[in-house]
Amino acid sequence: MKTSGPIIVFYIFIIIIIKASFFSSPSSVNQPPPKQTKVNVEFKDKQYHIDFNQKKYADSVVNIAQFEAGEGWEGDFTVDEANYVEGLSSYYISSENNITNRISLEKKTDLRKSEFIKIFVFLRNPNDNINIKNFSLRLGDKKGIFSFEYQIPLASNAGWHLIKMPKGAFVLSTRGKEKSMDNHWGNIEKITLELTARPNSKIELSIDDLWAESGNINNIFQVNSLDMFSFRHYSGHTYLQILPYAASSFFLKKISSARDFTYTVKLVPWGKRGTIALVARANMNNGQGYYLELNGIEDNGWKLYKIGNSSRKDKGSVITRLASGLISNFVLDRGVPVWLRIKTKGNTIGGYISSNGTDFSQLTEKSDSEFASGSIGMNQADASYLIESIDFKQ
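Residues numbered from 1 in each chain as written. Predicted model: local features only at pLDDT ≥ 70, side-chain atom pairs only at ≥ 80, totals over all residues. Heavy atoms only, no water.

Draft legend 1. Here's a closer look at the overall build of the protein chain. Summing up its helical and strand segments, the protein chain has three helices and 24 strands in all. Pairs at least 24 apart in sequence give 71% of the contacts found in the protein chain among residues at least 6 apart. When the accessible surface of the protein chain is totalled, it reaches about 20400 Å², and 50% of it is carbon and sulfur. (Helix = DSSP H or I, 4+ residues; strand = E, 2+ residues; numbered from the N terminus. Contact = heavy atoms within 4.5 Å. Areas by Shrake-Rupley, 256 points an atom, 1.4 Å probe, with all protein chains shown as cover.)

Draft legend 2. Focus on the packing of aromatic side chains. The final tally for this structure, using the stated rule, is 23 aromatic pairs. Note on Phe221 and Phe250: the rings are 5.0 Å apart at their centroids and 80° apart in plane angle, and the pair reads as edge-to-face. Remark: Phe250 occurs in strand E16 (residues 247-252) and Phe221 occurs in strand E13 (residues 221-222); sequence separation between them is 29 residues. On the basis of relative accessible area, Phe221 is assigned to the buried category, the value being 2%. Measuring from centroid to centroid gives 5.0 Å for Tyr291 and Tyr305, while their planes differ by 10°, and the two rings are stacked. Residue Tyr291 is located in strand E18 (residues 289-294), and its partner Tyr305 is located in strand E19 (residues 301-309); the two are separated by 14 residues in the primary sequence. Considered together, Tyr291 and Tyr305 belong to a single accessibility category, that of buried residues. Chaining the aromatic ring pairs together yields one cluster made of Phe146, Phe148, Tyr150, Phe170 and Trp185. The residue whose ring lies beneath Arg334 is Trp270, and the NZ or CZ to ring-centre distance is 4.2 Å. Here the basic side chain of Lys343 rests over the ring of Tyr352, its NZ or CZ set 5.4 Å away from the ring centre. (Phe/Tyr/Trp six-rings, centres within 6.5 Å; stacked < 30°, edge-to-face > 60°. Buried < 20%, exposed > 50% of the residue type's maximum accessible area, 1.4 Å probe, protein only. Lys NZ or Arg CZ within 6 Å of the ring centre and 35° of its normal.)

Draft legend 3. Quick look at the sheet that holds strand E7 (residues 132-140). Overall, antiparallel pairing links the five strands, which are arranged E5-E11-E7-E8-E10 in an open sheet. Only two strands of the sheet have a single neighbouring strand rather than two, namely strand E5 (100-109) and strand E10 (171-174). Across this sheet, the average inter-strand angle for adjacent strands is 20°, counted without regard to direction. Across eight bridges, E5 lies against strand E11 (residues 188-197) in antiparallel orientation. Within E11, the residue paired with Ile103 across the bridge is Leu193. (Pairing = 2+ DSSP bridges. Axes fitted to C-alpha atoms, helices over the stretch in contact; angles between N-to-C directions.)

Draft legend 4. Geometry of the side chain of Asn101. Locating Asn101 in the fold gives a position in strand E5. When its relative accessible area of 9% is taken as the criterion, Asn101 is described as buried. Setting aside anything within four residues of it in sequence, one finds Asn101 in contact with Asp76, Ile93, Ser94, Leu193, Glu194 and Leu195.

Right, dumping it as structure tokens:
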């Protein structure tokens, strides 16, 4: 019994040494994780093709109204051909001193498969939204037996706003024999927009492009916001629509790294006159790469440039023009398809254009060695385009 004390002291000493050694030595708990390195796997398939003129995309969108001249709306509005997002015009509407302005369109519409309803709204001055007493969208039948209504909120900043309205947030009002909501959504006959200003105030808005959609394409592109995409029916075809946000790029997720290839896009100029560009050998994270750009609707100009590294570390990325010019017998027209193509091989980057998808005219061919591989994508600046197909071959 006399030796038990020293033995206990000895074991306590050993435990203390072990704990001290554990907490003083490097460990995965106390040390920051090692820096992760991103690696792009080179795309090995010989070709990649996307065709948006398919039933699965056609069923995902319902174009309700474009707010163009002669569309059939009734009420107090003005066709505005100077300030618009899509097509050729928007509608200007206003209200003053608690008087409701109501415009309506009779049109049969089936929204049973839709998940969201969207509209563009333009606020003329900052904080004008405080003058709105009511701004709502109502969808129903012509006889007024049922209607779905949504109070449209507006942020305070001036400019165009994309309003995304979940179908489930609409409030149903009905009289007579009750039917299922799904049945009502399949029998929309009348679209109404109402605007009411607060007493002793005035509110002015512009509205453009009302449509419904379902699903998304988040498995195809890497992009900051999927709201820049929609689908549109035009001239018997279904297109992916690029909506006109301030400068936006998007890249194909599947093709994160490719070297020598031919990249072709069939596109249709649609709305504003901003630029559209194909991007090749691009870095998805910082947008560096080669850009073949068209100047926009009613223009025949083009340029090939790169966004690359500056020789000065403090300047970051810089834009370098490689080539530019005009197409003497060509103008980019709204609604008329055009095929734009980039070819890369070694240090050579070529730009091509076609009006039929078969006969391509060379715009330029330049040598540059900064980017040997990368992704493909597109860039738009305040422009609206329809994309029917994307083709990649290597």
